[in-house]
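# Understanding the architecture of this molecule
Read off the chains here:
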Amino acid sequence: MTTYIPQLTLPESIFSSLPASILLPITLGSAVGWSTRPKQVPRTYLSLNQPPLRPPPQVFGPVWTLLYGLMGYASHRAYRIGTSPLNLPGTISAARHGTTLYTIQLGLNLIWMPLFFGWNRPILATADVVALVGVNGYLAWLWGTKVDATAGWLLAPYIAWLGFASYLSAGTGYLNNWDLSGAYKKADEETKKRS
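Residues numbered from 1 in each chain as written. Predicted model: local features only at pLDDT ≥ 70, side-chain atom pairs only at ≥ 80, totals over all residues. Heavy atoms only, no water.

With 18 residues, helix H2 (residues 18-35) should cover 26 Å at 1.5 Å per step; its first-to-last C-alpha distance of 26 Å lies within 8% of that length. Inspection of H2 places Ser-21, Pro-25, Ile-26, Gly-29 and Val-32 among the buried residues, and these make up the whole buried set. As for H2, its buried residues are in contact with helix H1 (12-16), helix H4 (60-82) and helix H5 (89-118). (Helix = DSSP H or I, 4+ residues; strand = E, 2+ residues; numbered from the N terminus. Expected span 1.5 Å × (residues − 1). Buried < 20%, exposed > 50% of the residue type's maximum accessible area, 1.4 Å probe, protein only. Contact = heavy atoms within 4.5 Å.)

The next subject is the side chain of Thr-9. Inspection of the secondary structure assignment puts Thr-9 in the segment before H1. A distance of 2.6 Å separates the side chain of Thr-9 from the side chain of Thr-100, its partner in a polar contact. Apart from residues lying up to four places away in sequence, Thr-9 is in contact with Tyr-4, Phe-15, Thr-99, Thr-100 and Thr-103. (Polar contact = N/O pair within 3.5 Å; in protein donor to acceptor, adjacent residues only side chain to side chain.)

Turning our attention to the UniProt feature "transmembrane region" (unreviewed entry) in the protein chain. Residues annotated by UniProt as "transmembrane region" (unreviewed entry) correspond here to residues 14-34, 123-143 and 155-176. End C-alpha atoms of residues 155-176 are separated by 31 Å, and the span's content is 91% helix alongside 0% strand. (UniProt positions renumbered as here; feature names shortened; annotations may be inferred.)

In structure tokens, the structure reads:
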């Protein structure tokens, strides 16, 4: 069982506002994406040895925008429904615990791209995404069984994508001997040629 930890949790004003709940993860995810070697990432991605079924780079932006929106809506819904004063204390507690888990998973999510593409740490990035699967699986269960089934199910596409991302992260790391520096150098050289 988790605990509600206010110091590790986004402010309640975020969860109580539908626009803020949806726009916060979209905005933060976009900011991380644009701040992590934006010109080199697509070239780096294409120059890496990849496992089968890898999607083209232009798929990631729309997919992540949709998933961030769904997770934001799920957090708002679980908080709004779960913290109603008409609920039992156990439901209110589960909703609050979920907000702490949600905040932690959002932090784990946002650090993946810098770990993988910014700092060449594919082992840590893979551990991060595997942890994300576990945290979100538990969060979906917590919200889905203790607070609101719809909020739990709204996380299902995200968890499925995280499972696929775990496969891609581990496969890419393994196929590149857990060192992506060669692909980074190649992408940097191509960027300099185009400048």
